[in-house]
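Per-entry structural report
The lines below spell out each chain.
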Amino acid sequence: MENTHNAAIPCFSISALTDLARTPDTAPRLFSQELIARCDSEEQWFRFPCRIDAFIIGVGTEGETSVSFNLHEFKLKKDSIFIFTPKNVLQVNSQQYFKADVIAISPDFMRRINIDIKNMMPLFLKFVENPALTLTPEESRSMRGMIAQIERETRGPETHFSFDIVSGLIAATIYKVGDIMYHYLAEHPEGQNNSHNRAEEYFKQFTHLLGE
């Protein structure tokens, strides 16, 4: 756990999250200090406000819960996709049963992945007002399949191309999120009227974290 400017709100790095999730029979994983990929996760770590120094992409698989992201409350349920970015305040508000397939990526790892950030940013800015969207069954299966493949690769032995394989899968997952957002905006054009000021601030924060 790391300190933040606001001592009342703890900040978790990827390595801290890995330690929280570790059990005596947990096998070491590739990139364990930079990446967590887990299917059917139901850990209830965030009952109190905290900041997570990671990019988080998840897809609900069972149940329903509510979370606060920067003091705005959102519902997460089966077939909902959620995206949380580093250093923002996150809290799980509900005691309800909820499971999700989740990937958490450190900013350092993201910097090493070949992604066209400038092309993707306008899409990710659409998550400023609503970081949780409902997927079609096909989109949900596709996203879950990608996260599952990343998890399998991080469980395997390290090879000469391990980083290239995992980073390629993560890049494909992020571009898939972009496709989903294109589809969502086509179906919900009113969603393009988000707060310009919040989007501008979000853009500055995002590009700073990635060293752009």
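Each remark here, short or long, concerns the structure printed above.
Residues numbered from 1 in each chain as written. Predicted model: local features only at pLDDT ≥ 70, side-chain atom pairs only at ≥ 80, totals over all residues. Heavy atoms only, no water.

**With respect to the side chain of Lys 99**
The topology assignment puts Lys 99 in strand S8 (residues 98-105). Setting aside its immediate chain neighbours within four residues, Lys 99 contacts Asp 40, Ser 41, Glu 42, Gly 60, Thr 61 and Glu 62. (Helix = DSSP H or I, 4+ residues; strand = E, 2+ residues; numbered from the N terminus. Contact = heavy atoms within 4.5 Å.)

**So, the pairing of strand S5 (residues 72-77)**
Looking at chain direction, strand S4 (residues 55-69) and S5 are connected through six bridges and run antiparallel. Across the sheet, Ser 66 pairs through a bridge with Lys 75, a residue of S5. Here S4 folds back onto S5, and the loop between the two strands holds two residues, one of which, Asn 70, carries a positive phi near 55°. (Pairing = 2+ DSSP bridges.)

**Regarding the packing of aromatic side chains**
Considering all chains together, one arrives at five aromatic pairs under this definition. Summarising the aromatic geometry, the rings of Phe 31 and Phe 163 are spaced 6.2 Å apart at their centres and angled 75° between planes, so their arrangement reads as edge-to-face. Residue Phe 31 is found in the loop between helix H1 (14-21) and strand S2 (35-41), and its partner Phe 163 is found in helix H5 (residues 162-187); the two are separated by 132 residues along the sequence. For Phe 163, a relative accessible area of 22% puts it in the partly exposed group. On the numbers, 5.6 Å between centres and 35° between planes, the contact of Phe 82 with Phe 84 is tilted. Assigned by exposure class, Phe 82 and Phe 84 land together as buried. Joined through ring pairs, the aromatic side chains of Phe 31, Phe 109 and Phe 163 make up one cluster. (Phe/Tyr/Trp six-rings, centres within 6.5 Å; stacked < 30°, edge-to-face > 60°. Buried < 20%, exposed > 50% of the residue type's maximum accessible area, 1.4 Å probe, protein only.)

**As for the packing of helix H4 (residues 137-155) against H5**
It is at 10 Å that the axes of H4 and H5 come closest, and there the two elements cross at 165°. Overall, the two elements H4 and H5 adopt an arrangement that is roughly antiparallel. Crossing handedness for the pair H4 and H5: left-handed. Note on element contacts: H5 touches H4 through Ile 165, Val 166, Leu 169, Ile 170, Ala 172, Thr 173, Lys 176, Val 177, Ile 180 and His 183, opposite Glu 139, Ser 142, Met 143, Met 146, Gln 149, Ile 150, Glu 153 and Thr 154. When the residues that make up the contact of H4 with H5 are grouped by side-chain class, the tally is 10 nonpolar, five polar and three charged. (Axes fitted to C-alpha atoms, helices over the stretch in contact; angles between N-to-C directions. Parallel < 35°, antiparallel > 145°, perpendicular 65-115°, else oblique. Left-handed = near helix turned anticlockwise from the far one by under 90°. Nonpolar A, V, L, I, M, F, W, Y, C, P; charged D, E, K, R; others polar.)

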